[in-house]
Amino acid sequence: MEYKQAFSNTCDFLSKINDPGKVASYIPELGSVDPNKFGVYLTTLKGENFSHGDFNEKFSIQSIAKVLSLVLAYELEGEKLWKRVGVEPSGTAFNSLVQLEHDKGIPRNPLINSGALVVCDILVDHLQNSKQTFIEYIRKIADNHSINYNEKVAQSEKAHGYRNAALINLMKAYGNIDGNCDEVLDFYFHLCSIEMTCSELSRTFMFLVNDGVDPFTKERVISTEKSKRINTLMQLCGFYDEAGEFSFKVGIPGKSGVGGGIIAVLPEHFSVAVWSPPLNEKGNSYKGMRFLEMFNQATDSSVF
């Protein structure tokens, strides 16, 4: 089935079903988002675009930004990065303290909260004026200078970030955080507050569709080998403790965020961003997961 028909059919079906998910309320700024919002944007390597619904409305991408911080840290730190964070699926909640203590302060992977905090520690150490340098890095990858942090979301997360504070202090106790915990947390909260639309998000991740090279500007963002490893990590670890089910049902690399966004890429074919704020019990967008499952089955899109 052609992308256009499958895209249209899937969006039409999902626009008519009830959503049993719940908007993330533990971050008050996210809890105020309209639960009826639904947007999708797909960009192909051939330059085709398909869109639906609220695809041009900005939302907080949250943990999706962890992929982009990982890309930069991997470029700066190289293979040394993996001495401080693992590459295994977590199998537990994204903010688990029990697992982190069991593993003596080494996070299972860089896409759960503790792993992303280690990545942020690396970036704060490497970058002068880390927040400004990082957002400029994102703008360059996205080829869009309007992308920015949402200060209200960042401060809301900071005011309720007790578990993240516990995670970073536990890792500090094990010697796996080098910098100042408050400074690293501030960078982390801003990282998660970055806002994009579905169209901007889909465009931003096209370099992971094309072996690390932006197919439109022709600039290399990351090496081919590292691009494949980033995609592998998204495949294995991109959906918290629902990553196995996502691989089983959808079969492409992706990353979710508690703002209701999901980015997914099929290397050599397309990048697709979905936004629907209500989350399932695992913390992933209910309709976003359903869209990707239905669309990929209809188009036989899978890395397997």
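Structure first, text after, so check above.
Because the structure is a prediction, the values reported are computed rather than measured.

Q: Which residues make up the overall build of the protein chain, and what values do they have?
A: The helix and strand inventory of the protein chain stands at 13 helices and seven strands. Expected size for 304 residues packed as a compact globule is a radius of gyration near 19 Å; at 18 Å, the protein chain falls within 12% of this value. For the protein chain, the C-alpha atoms occupy an extent of roughly 55 × 40 × 35 Å along the three principal directions. Every one of the 304 residues in the protein chain was classed for burial, and the buried ones make up 58%.

Q: Report on the sheet that holds strand β7 (residues 270-275), specifying residues and quantitative values.
A: Across a sheet, strands are paired by hydrogen bonds formed along the backbone, either parallel or antiparallel in direction. Ordered in space as β2-β1-β7-β6-β5, the five strands form an open sheet in which the pairing is antiparallel. Edge positions in the sheet fall to β2 (49-53) and β5 (254-256), since each has one partner strand and no second. Taken pair by pair, the neighbouring strands of this sheet meet at an average axis angle of 5°, ignoring direction. Where strand β6 (residues 261-266) meets β7, six bridges bridge the pair, whose relative direction is antiparallel.

Q: An account of helix α7 (residues 151-159) is needed here, citing residue identities and associated values.
A: V153, A154, S156 and E157 are the residues of α7 that are buried. On an axial view of α7, the arc spanned by its buried residues comes to 165°, and they lie on one face. Of the surrounding secondary structure, the elements contacted by the buried residues of α7 are α2 (28-31), β3 (59-60) and α9 (181-193).

Q: If you had to explain the packing of aromatic side chains to someone new, which residues and values would you point to?
A: The way to describe two aromatic rings as a pair is by their centre distance and the angle between their planes. Taken as a whole and judged by the stated rule, the model has 15 aromatic pairs. Ring geometry for F239 versus F246: centroids 3.8 Å apart, planes at 25°, classification stacked. The exposure class of F239 is buried, given its relative accessible area of 0%. Counting every residue linked through ring pairs, the aromatic cluster contains Y3, F7, F50, F270, F291 and F295. Sitting over the ring of Y74, K226 keeps its end group 4.9 Å from the ring centre. Sitting above the plane of the F38 ring, K287 keeps its charged end 5.8 Å from the centroid.

Q: If you had to explain the pairing of β7 to someone new, which residues and values would you point to?
A: Judged by how many residues are buried, β7 sits mostly within the fold: six of six residues are covered. Covered by surrounding structure in β7 are F270, V272 and V274 together with S271, A273 and W275, the residues of both alternating faces. Connecting the antiparallel pair β6 and β7 is a turn made up of three residues, with E268 showing a positive phi of about 75°.

Q: Kindly report on the pattern of salt bridges, identifying the contributing residues and their values.
A: Under the criterion given, the structure shown has 16 salt bridges. Across the pair R229 and E79 runs a salt bridge, and its minimum N-O distance is 3.0 Å. In this pair, R229 sits in helix α11 (residues 224-237) while E79 sits in the loop between α3 (65-77) and α4 (97-102), placing the two residues 150 residues apart along the sequence. Overall, R229 belongs to the partly exposed group, its relative accessible area being 35%. The residue D241 makes a salt bridge to K282 at a minimum N-O spacing of 3.5 Å. One end of the pair, D241, is in the loop between α11 and α12 (243-249); the other, K282, is in the loop between β7 and α13 (286-299), with 41 residues separating them in the sequence.

Q: I'd like a rundown of the packing of α3 against helix α5 (residues 113-126), residues and numbers included.
A: Remark: α3 packs on α5, axes separated minimally by 9 Å, with the N-to-C direction vectors making an angle of 50°. By the angle between their directions, the pair α3 and α5 is classed as oblique. Of the two possible hands of crossing, α3 and α5 adopt the one that is left-handed. Contact residues: α3 offers K66, S69, L70, L72, A73, L76 and E77, while α5 offers N113, A116, V119, I122, L123 and H126. Looking at the contact of α3 with α5, its residues break down into eight nonpolar, three polar and two charged.

Q: I'd like a description of the pairing of β2, backed by residues and values.
A: Pairing geometry for strand β1 (residues 39-44) and β2, over five bridges, is antiparallel. Along β2, the bridge assignment pairs V40 with H52. Turn length for the β1-β2 hairpin, with the two strands adjacent in sequence and antiparallel, is four residues, and the turn residue G47 shows positive phi of about 90°.

Q: Explain the environment of L185 residue by residue, including any values.
A: Within the secondary structure, L185 sits in helix α9. With 178 residues separating them in the primary sequence, L185 and F7 have C-alpha atoms 39 Å apart. Residues in contact with L185, not counting those within four places in the same chain, are L117, N164, A165 and I168.

Q: Which residues make up the nonpolar core, and what values go with them?
A: Most often, soluble globular proteins have nonpolar side chains that are buried together. F134, I194, L201 and F205 are the most contacted members of the largest nonpolar core, which totals 65 residues. Leave out the neighbours within four places in its chain, and F205 touches I64, V67, L68, M234, I263, V265 and S271. Membership of the second largest hydrophobic core comes to 24 residues, among which are A243, I262, V272 and F295.

Cut-offs used in this document
- Residues numbered from 1 in each chain as written.
- Predicted model: local features only at pLDDT ≥ 70, side-chain atom pairs only at ≥ 80, totals over all residues.
- Heavy atoms only, no water.
- Helix = DSSP H or I, 4+ residues; strand = E, 2+ residues; numbered from the N terminus.
- Rg over C-alpha atoms; globule rule 2.2 N^0.38 Å.
- Buried < 20%, exposed > 50% of the residue type's maximum accessible area, 1.4 Å probe, protein only.
- Pairing = 2+ DSSP bridges.
- Axes fitted to C-alpha atoms, helices over the stretch in contact; angles between N-to-C directions.
- Arc of directions from axis to C-beta.
- Contact = heavy atoms within 4.5 Å.
- Phe/Tyr/Trp six-rings, centres within 6.5 Å; stacked < 30°, edge-to-face > 60°.
- Lys NZ or Arg CZ within 6 Å of the ring centre and 35° of its normal.
- Salt bridge = Lys/Arg side-chain N within 4 Å of Asp/Glu carboxyl O.
- Parallel < 35°, antiparallel > 145°, perpendicular 65-115°, else oblique.
- Left-handed = near helix turned anticlockwise from the far one by under 90°.
- Nonpolar A, V, L, I, M, F, W, Y, C, P; charged D, E, K, R; others polar.
- Core = buried A, V, L, I, M, F, W, Y, C linked by side-chain atoms within 4.5 Å.

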